[in-house]
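Below, each chain spelled out in residue letters.
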Amino acid sequence: MKNCGEMRMSYRFSKYGLASVTPSPVNRMMASFATDFRDGVDINLGVGYVNEKTIPDALLLQAMNEVAAHPEDYRQAFNYGGPHGSPNLIRALRRFYVKHHIGGVDSDCMSRQEIVIGPSGATSILDALAELFEPGIVITADPMYYIYCNQLERKGFRVVTVPEEADGLHAERVEERLEELGDAVKELAFLYVVTVNNPSGVILSNARKRALVALAEKWSDMLGRNIPIFFDQAYEWLIHDPAVEPPESALLNNARGLACEIGTLSKVLAPALRIGFIMGAPGALMSAIAQKTSDVGFSAPLLNQEMAAYMLEHHIEGQLRRVNEGYRVKAGAVGDAIDETLGTWLEKRRGGKGGFYYYLTLRDIRTDTQSPFFRFLSRNTGNADIDGTASKLRPRVVYLPGEFCVHPAGNAAKEGKRQLRLSYGFEEIDVIVRALEYMREAAAYAQSV
Ligand SMILES: Cc1ncc(COP(=O)(O)O)c(C=O)c1O
C-alpha cells in the first residue's frame with residue numbers, strides 16, 4: 001500500500017482543524033531550524049530561543065535533587081498536577097512579587113489576585129483564552145505577536161491591529177479603530193497587549209497601560225459585557241536598560257477586574273520547564289481557565305513546578321541579575337554593530353531595551369521570503385558564488401521576516417516587507433556580528449539585481 005496518510009477521502013475537520021493542516025510560517029521555520037540547521041555553521045537570529053548560557057543548569061539540578069529529597073515539602077512531585085497549579089509554586093510566585101515589589105505589587109494587591117499555572121507555558125494560557133472566548137474581534141498592536149495572532153485567526157477570531165508608537169499601543173488610536181469598526185464592534189472579544197512587544201521590543205509605558213485599562217472599562221460599559229485586557233508579560237522581567245521606567249502592574253488599578261497579567265518563567269529560567277501563569281481577579285474567567293487546564297492534562301508537570309518554586313525561593317535574584325546583565329551587554333554591542341554594518345540601509349531600529357529583539361526597517365530593501373535579501377541569506381539565489389554547492393552550502397542566516405509580524409490587512413503590511421526581527425538572544429555577539437556582515441552583503445546584492 002502507498003502512503004496511508006494520503007488517502008483521498010477527507011476528514012470531518014473543524015474550521016480550526018482545516019486551517020491547521022498547512023503549517024503556519026513560524027511552525028515551518030521552527031521545523032526547519034530543528035532539522036537542517038547546521039550548528040556552528042548557520043546562524044540563528046530568527047527563532048526566539050533564549051541564550052543557552054542563561055539557563056542555570058547546575059541550579060536546576062540542585063532544585064531537582066532538593067525536590068526529590070524532600071517529599072514532605074514537595075508533595076508527590078512525580079505525580080499528576082492539578083487544575084490550578086502547585087500550591088508551592090503559587091505561594092512562591094506570590095512571595096516573589098511582594099518581596100521584590102514586582103510592578104509595585106504589595107501584599108494587599110496580591111491578596112486580591114488569583115494565580116493559575118498553565119499546562120505548558122504562557123502559550124497554553126493564551127491557547128485557553130482562544131478556546132474559552134466565542135470567536136470575535138481581538139485588538140492588538142501592529143507589529144503583532146505573530147504566533148498567537150496566527151492561532152487566533154485559525155480559531156476563527158478576527159485580529160484587528162493598531163500601529164504601536166514608541167511607547168506602545170495608544171488608547172486613542174485603539175478607540176479610533178474601534179469606532180471605525182461600526183456595528184462589528186459588537187463582536188469585540190478582548191484586547192491583547194504584549195508589554196515588551198514581540199517582535200518590536202517596544203515597551204509599553206505605564207501611562208499607556210493605564211489608559212488601555214480605562215479604555216477596556218469604557219468599552220465594557222458601552223457593550224454591556226466584560227471586555228478584558230490581557231497583558232502578556234513574557235519579557236517584562238528582562239527589561240535590561242536601566243533608563244526605562246520600572247513597569248507598573250495593571251493589577252494595581254483594576255477595580256473592575258478586567259485586566260489580567262500573563263507571565264512565564266521561560267525567558268528567565270528555562271523554556272523547558274514550561275511554566276506560565278495568569279494572574280487576575282478571582283471569578284468566572286479564572287475558573288474557566290483552570291477547567292481548561294484540567295481538560296488538557298492538568299497544569300505543567302509537577303516536578304517542574306516544584307523545581308520552579310525552589311528556584312523562586314532560593315536563586316531568583318542572582319539569576320535575574322545575571323540574565324539581564326548578559327542581555328544588556330549583548331543589546332549594546334549588537335545595536336552598535338547594526339548601525340555600523342547596516343547603517344546605509346537602516347531606516348529605523350527599535351527594541352534592544354528589554355527582551356532580546358531588535359526590529360529593523362530597511363530602506364529600499366525587501367526582506368520577505370521571496371526577496372533577493374532573504375534568498376542571499378538562505379543561500380538560495382541559484383548563484384554558486386553566493387550559495388556554495390549543495391554539499392558545501394555557505395553559512396545561512398535565519399531571521400524573522402517582517403511580513404509575518406505585521407497584519408496582512410493592517411496599515412503596516414507594506415512596510416512589513418522591508419522589516420525584520422533580529423534576535424540577540426540565542427547566538428553569541430561575535431557570531432551575530434558575523435551575521436550582520438552577511439546581511440550587509442545581502443543588502444548590496446539585493447540592490448544589484
Ligand atoms: C509574547 C510572548 N508570549 C508568550 C510566549 C510563550 O512563552 P512560554 O514559553 O511561557 O509558552 C512567548 C515566547 O516567545 C512570547 O514571545
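Everything in this summary refers to the structure shown in the same document. (Residues numbered from 1 in each chain as written. Predicted model: local features only at pLDDT ≥ 70, side-chain atom pairs only at ≥ 80, totals over all residues. Heavy atoms only, no water.)

The full set close to the ligand counts 13 residues, and T123, D232, T264, S266 and K267 are the nearest of them. Surface burial for the ligand is 93%, taken as the share of its 390 Å² of free accessible area covered by protein chains. The leading source of residues in the shell around the ligand is helix α6 (residues 121-132), at 3 residues. Each residue belonging to the shell around the ligand can be placed in one class, and the counts come to 5 nonpolar, 5 polar and 3 charged. (Near = heavy atom within 4 Å. Areas by Shrake-Rupley, 256 points an atom, 1.4 Å probe, with all protein chains shown as cover. Helix = DSSP H or I, 4+ residues; strand = E, 2+ residues; numbered from the N terminus. Nonpolar A, V, L, I, M, F, W, Y, C, P; charged D, E, K, R; others polar.)

Turning next to unusual backbone geometry. Apart from glycine, the bulk of residues carry a negative phi angle, and the bulk of peptide bonds sit in the trans form. Note that the residue after D142, namely P143, is joined by a cis bond; omega there is 0°. Assignment of secondary structure puts P143 in the loop between β3 (137-142) and α7 (146-154). Located in the positive-phi region is R274, a residue other than glycine, with phi close to 55°. Among the secondary structure elements, R274 is positioned in the loop between β7 (259-264) and β8 (276-280). Despite not being glycine, F298 shows a phi value in the positive range, around 75°. Structurally, the position occupied by F298 is in the loop between α10 (284-295) and α11 (302-314).

Attention now goes to empty space enclosed by the protein. All chains considered together, the criterion is met by 4 cavities of 30 Å³ or more. Reported here for the largest cavity is a volume of approximately 70 Å³. Breaking the lining of the largest cavity down by element, the ones donating at least two residues are β3 and β5 (188-194). Of the residues forming the lining of the largest cavity, the biggest block, 3 residues, is contributed by β5. Looking at side-chain class alone, the lining of the largest cavity contains 8 nonpolar, 4 polar and 1 charged residues. Considering only enclosed or pocket space, the second largest cavity measures out at about 50 Å³ in volume. Taken together, Q233, A234, Y235, E236, W237, G263 and T264 make up the full set of residues lining the second largest cavity. Per-class residue counts for the lining of the second largest cavity are 3 nonpolar, 3 polar and 1 charged. (1 Å grid on protein atoms, 1.4 Å probe; cavity = no way out; pocket = protein on both sides within 12 Å on 5 of 7 lines; lining within 4 Å. Points joined across faces, edges and corners; volume = space filled by probe spheres on them.)

The antiparallel open sheet is built from 4 strands, whose spatial order is β9-β10-β15-β14. The strands lining the two open edges of the sheet, one partner per strand, are β9 (346-351) and β14 (400-401). Bridge analysis of strand β10 (residues 357-362) against strand β15 (residues 419-423) gives 5 bridges, and the strand direction is antiparallel. Its bridge partner being in β15, Y358 is matched across the sheet by L422. (Pairing = 2+ DSSP bridges.)

Read across the open sheet, the 7 strands follow the order β2-β8-β7-β6-β5-β3-β4; overall the sheet is mixed. What marks the edges here is a single partner per strand, and that holds for β2 (114-117) and β4 (158-163). Strand-to-strand twist in this sheet, taken as the mean axis angle between neighbours without regard to direction, amounts to 25°. (Axes fitted to C-alpha atoms, helices over the stretch in contact; angles between N-to-C directions.)

Turning to the side chain of N254, a few remarks are in order. The topology assignment puts N254 in the loop between β6 (229-232) and β7. Looking at N254, its side chain comes within polar contact range of the main-chain nitrogen of L258, at 3.1 Å. Of the polar contacts made by the side chain of N254, one reaches the backbone nitrogen of A259; its length is 2.9 Å. (Polar contact = N/O pair within 3.5 Å; in protein donor to acceptor, adjacent residues only side chain to side chain.)

The element β3 is extensively covered by neighbouring structure, given that 6 of its 6 residues are classed as buried. Chirality of the crossover, the property in question, places the unit of β3, α7 and β4 among those that are right-handed. Looking at chain direction, β3 and β5 are connected through 3 bridges and run parallel. Counterpart to I139 in the pairing with β5 is L191. (Buried < 20%, exposed > 50% of the residue type's maximum accessible area, 1.4 Å probe, protein only. Right-handed = clockwise from strand over helix to strand, strands pointing away.)

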